[in-house]
Amino acid sequence: MSRSMGFNSSKRRHEPRESRSTLIMGQWKRTHTCGELRASDAGKTVTLCGWVHAYRDHGGLVFIDLRDRYGITQIVFDPAAGREMHALARELRSEWVVSVTGLVSKRPEGTRNPKLATGEIEVRAKHLEVLNRADTPPFEIASDEPVNEEVRLRFRYLDLRRPLMQQVLLLRHRLNKIVHRYFDELGFIEVETPMLGRSTPEGARDYLVPSRLHHGCWYALPQSPQLYKQILMVAGLDRYYQIARCLRDEDLRADRQPEFTQLDLEMSFVDMNDVIEVVEGFLARVFGELLGYQINLPLPRLSYPEVMRKYGCDKPDLRFGMEIQDVTDLVLQTEFRVFRQALEQGDIVRGLCAPQAAERYSRKRLEELEEFAKRYGAKGLAWLRVETEKLSSPIEKFFPGSVQQALRERFRASPGDVLFFVADSEEIVCDTLAALRNHLAAELGLIQPGQFALAWVIDFPLLVWDKEENRWVANHHPFTSPKEEDLPRLESEPGSVRAKAYDLIVNGYELGGGSIRIHRPDVQQRVFSMIGLNEEQAQKRFGFLLDALRFGAPPHGGIALGLDRLVMLLAGLHSIRDCIAFPKTQRAQDLMTGAPAPVDIKQLKELGLA
RNA sequence: GGGGGCGUAGCUCAAUUGGUCAGAGUGCCGGACUGUCGAUCCGGAGGUUGCGGGUUCGAGUCCCGUCGCCCUCGCCA
């Protein structure tokens, strides 16, 4: 049996060592993968292993597309090459696992398949070994036809067998490799932090683990390695990174799983610019190496007040414009009572201009948009079609010509556009228009696939008022440093204090967030105090951090990036479930394993829970 | 917890207003075929329309409940 260069010399190292028993079992071990044979290999005798991707039985000749992770190779079974083998080949079915030994041959003229990397050749089988039969799969592995996610998750091993899913996992692997290479080059060291930690107040709901040795006491699974990485800075590690699994017991979304992965990092003796620079370098390399996509550095930095005014949310999709404009001043010059009354209550009126939307949105469709707006708390959605001479709408008559002209100019509107307005509290106006903006952009096709808009959002408020709890809460987390110049106002005007925090946004997703941390115990104490943690409570919950800060904490800061979301964006997917090998459903169940599940009463007794 | 969408054959979907509507494609099974690669051709099997009630002469279709999946608001420092 001839041996090839490629697979044996380089890739073979990564394969498990062959054991004595497998050698005895038969001559089935592969010499090549299904993705590597080329015309230059013609004449070699090879053995391939894989799954039957497709079979085409011509009665005489039988063709098999044999698939493994590396590709697909066509196998030809000729009755002349052995009647027994040919008969066995006719029994093959989808997803059977086989080993084929045969001669690599250039395909006859006119039968080459340009769709396959191996399409120049085929393997003329001399020996066929069925390694395992397979039940008929519940869905077709070989097809690109979309399949109900429920079925995919239940049979995840089949779903992951599909080439598309394997590409995503490979992409994720390559991203992880870049992470390790890049941060190692910059002097970061990887430190693993505990999964079993202590529950801390604030933040997401914890997943709890009961202690067998301390009945009544519980570990919390980490929401993030936040505290540990700060401790590592106090310890003098200087630069830390980790690909860290994080767990939060909150409701799920397309971009939120109960366990997810963060690229977590922390640096000492740095300010915001240092962290941003490191991350930008990383992103440039990731997009460059994985997609051949060049991102322009430095990334834009937008202030929180600016994005809220222009886009209504703190993670706007910047792949399109459609900026929100305030028109409160113009509405004051109209007779439109709905708006005027709103203004009298202290509400505001803002709107946006949907380019060339008039044709797409009939009266009925516009009413649907109003329903959409109401879901975000808006009482209504006013609209005006932009025509060549005038604006057209049931409420047009309330708008004097001068106001119509001013609206046109403010939105730089062209005939065919539609103006939308919401009058309400600033919060509802922002929520509604932000959602509407994304909705319209998708429906109007304003987003080009393969395009990426990355930016930083900075100048977040340090604290926000929690109406339900009737207190200030940390906007980012309680260890985020206030800006020095705002520090004097911490107690007098808490809402005006800006944080040294930064979010990385990509295509409307929050890809990451970080901050410069508080490194002085007195400042930390003041922030705790502002969010309603007295010294005793703070000492009880975060005492170890406060203690650490007293023993010489360097100024430090860092960031965490959502790795699943990054993969999702790189792969052009719309759900992080598609880039996690074994994700959970919206109700946090694993349809394959059945987790979560009841446990034996014996286990509960050991834990003191029964 | 709230709002919305979906649930019909293994898979993807269709079935006017409640009335030959239990259908197609694909897969599956059997047969034919020596150059296919979305093979082709012939034949066949396969459904308690998620589940449980109700309305009706009659329900895939309407109503109520329930289960599951998805999107979303709240929530996620």
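Criteria and cut-off values
- Residues numbered from 1 in each chain as written.
- Chains lettered and ligands numbered in written order.
- Predicted model: local features only at pLDDT ≥ 70, side-chain atom pairs only at ≥ 80, totals over all residues.
- Heavy atoms only, no water.
- Helix = DSSP H or I, 4+ residues; strand = E, 2+ residues; numbered from the N terminus.
- Buried < 20%, exposed > 50% of the residue type's maximum accessible area, 1.4 Å probe, protein only.
- Contact = heavy atoms within 4.5 Å.
- Areas by Shrake-Rupley, 256 points an atom, 1.4 Å probe, with all protein chains shown as cover.
- Lys, Arg positive; Asp, Glu negative; His and termini not counted.
- Charge placed at Lys NZ, Arg CZ, Asp CG, Glu CD.
- Core = buried A, V, L, I, M, F, W, Y, C linked by side-chain atoms within 4.5 Å.
- Pairing = 2+ DSSP bridges.
- Near = heavy atom within 4 Å.
- Polar contact = N/O pair within 3.5 Å; in protein donor to acceptor, adjacent residues only side chain to side chain.
- Nonpolar A, V, L, I, M, F, W, Y, C, P; charged D, E, K, R; others polar.
- Patch = residues over 30% accessible without salt bridge, like charges linked within 9 Å, V, L, I, M, F, W, Y side chains within 5 Å.
- Salt bridge = Lys/Arg side-chain N within 4 Å of Asp/Glu carboxyl O.
- Phe/Tyr/Trp six-rings, centres within 6.5 Å; stacked < 30°, edge-to-face > 60°.

Caption draft 1: Quick peek at the overall build of chain A. Secondary structure assignment for chain A yields 18 helices and 22 strands. In terms of its C-alpha atoms, chain A occupies a principal-axis envelope of roughly 90 × 70 × 50 Å. Residues counted as buried form 48% of the 610 residues belonging to chain A. Taking all contacts inside chain A whose residues are at least 6 apart in sequence as the whole, residues at least 24 apart take part in 67%. Accessible area of chain A: about 30700 Å², with a carbon and sulfur share of 50%. Across chain A, 82 positive and 85 negative side-chain charges occur, with their mean positions spaced 6 Å apart.

Caption draft 2: Region of interest: the nonpolar core. The biggest cluster of nonpolar side chains holds 45 residues, and the ones touching the most others in it are L175, F183, F282, L283, F287, W456 and L504. For this core, the secondary structure elements donating two or more residues are α6 (163–185), β10 (259–268), α8 (272–291), β17 (454–458), β20 (501–506), β21 (509–516), β22 (556–562) and α17 (563–571). Looking at this core, the element that brings in the most residues is α8, giving 10 residues. V307, Y311, A499 and A538 belong to the second-largest nonpolar core, a separate cluster that totals 31 residues.

Caption draft 3: View of the sheet that holds strand β14 (residues 382–386). Spatial ordering of the open sheet is given by β12-β13-β16-β14-β15, a layout of 5 strands whose pairing is antiparallel. Of all the strands in the sheet, the pair left with one neighbour each is β12 (325–326) and β15 (391–392). Pairing of β14 with strand β16 (residues 418–424) involves 4 bridges; the strand directions are antiparallel. Paired with A382 across the two strands is F421, which belongs to β16.

Caption draft 4: Region of interest: the protein's contact with RNA strand B. Taken together, the neighbourhood of RNA strand B is formed by 53 residues, with T111, E122, N148, E150 and H476 sitting nearest. Of everything in RNA strand B that lies within 4 Å of the protein, sugar and phosphate atoms constitute 53%. Note that a base nitrogen of RNA strand B is positioned 2.5 Å from one of the side-chain N or O atoms of D251. Between N475 and RNA strand B, the recorded distance is 2.8 Å, taken from a backbone N or O atom to a sugar or linking oxygen. Split into classes, the residues belonging to the surface near RNA strand B amount to 13 nonpolar, 18 polar and 22 charged.

Caption draft 5: Region of interest: a nonpolar patch on the surface. Together, Y157, F582 and M592 line one region of the surface with nonpolar side chains, adding up to about 300 Å² of accessible area. Tracing the chain through its elements places M592 in the loop between α17 and α18 (601–606). Classification of M592 by relative accessible area gives partly exposed; the value is 30%.

Caption draft 6: Molecular detail of the environment of M272. Tracing the backbone shows M272 in helix α8. Excluding anything up to four places from it in sequence, M272 contacts R301, I458, A501, Y502 and I516.

Caption draft 7: Representation of the side chain of S211 within the structure. Its place among the elements puts S211 in the loop between β7 (208–210) and β8 (218–220). A distance of 3.3 Å separates a polar atom in the side chain of S211 from the backbone nitrogen of L213. A distance of 2.8 Å separates a polar side-chain atom of S211 from the backbone nitrogen of H214. Dropping the residues within four chain positions of it, S211 is found in contact with C217, Y219 and L607.

Caption draft 8: Inspection of the packing of aromatic side chains at higher detail. In total, this model carries 21 aromatic pairs according to the counting rule given. Measuring from ring centre to ring centre gives 5.8 Å for Y182 and F282, while their planes differ by 55 degrees; the resulting arrangement is tilted. Of this pair, Y182 sits in helix α6 while F282 sits in helix α8, and the two are 100 residues apart along the sequence. When sorted by exposure, Y182 lands in the same class as F282, which is buried. Ring geometry for F183 versus Y241: centroids 5.6 Å apart, planes at 20 degrees, classification stacked.

Caption draft 9: Structural detail: the pattern of salt bridges. Using the criterion set out here, one finds 44 salt bridges in the structure. With a closest N to O distance of 3.2 Å, R365 and E443 form a salt bridge. One end of the pair, R365, is in helix α12 (residues 363–374); the other, E443, is in helix α14 (residues 426–444), with 78 residues separating them in the sequence. Each of R152, R156, D159, R162 and D578 takes part in a single network of salt bridges with overlapping partners.

Caption draft 10: Structural detail: the sheet that holds strand β9 (residues 239–247). Within the open sheet, the 8 strands sit side by side as β6-β9-β10-β22-β21-β20-β17-β11. Their pairing is mixed. Edge positions in the open sheet fall to β6 (189–190) and β11 (301–303), since each of these has one partner strand only. For β17 and β20, the ladder comprises 5 bridges, and the chain directions are antiparallel. Bridge assignment links W456 to a residue of β20, and that residue is L504.

Caption draft 11: Main features of the pairing of β10. Most of β10 sits out of view: 9 of its 10 residues are buried. Alignment of β9 against β10, held across 9 bridges, turns out to be antiparallel. Note that in β10 the partner of L247 across the bridge is E259. Summarising the sheet, β10 and β22 pair through 7 bridges and their orientation is antiparallel. By the bridge assignment for β22, Q262 is matched with G562.

Caption draft 12: Structural context of the pairing of β20. In terms of burial, β20 is a largely internal element, 6 of the 6 residues being buried. The sheet contact formed by β20 and β21 spans 6 bridges and is antiparallel. Note on β21: the bridge partner recorded for L504 is G512. What sits between β20 and β21 in their antiparallel hairpin is a turn of 2 residues, with N507 showing a positive phi close to 50 degrees.

This is a description of form; function is not addressed.
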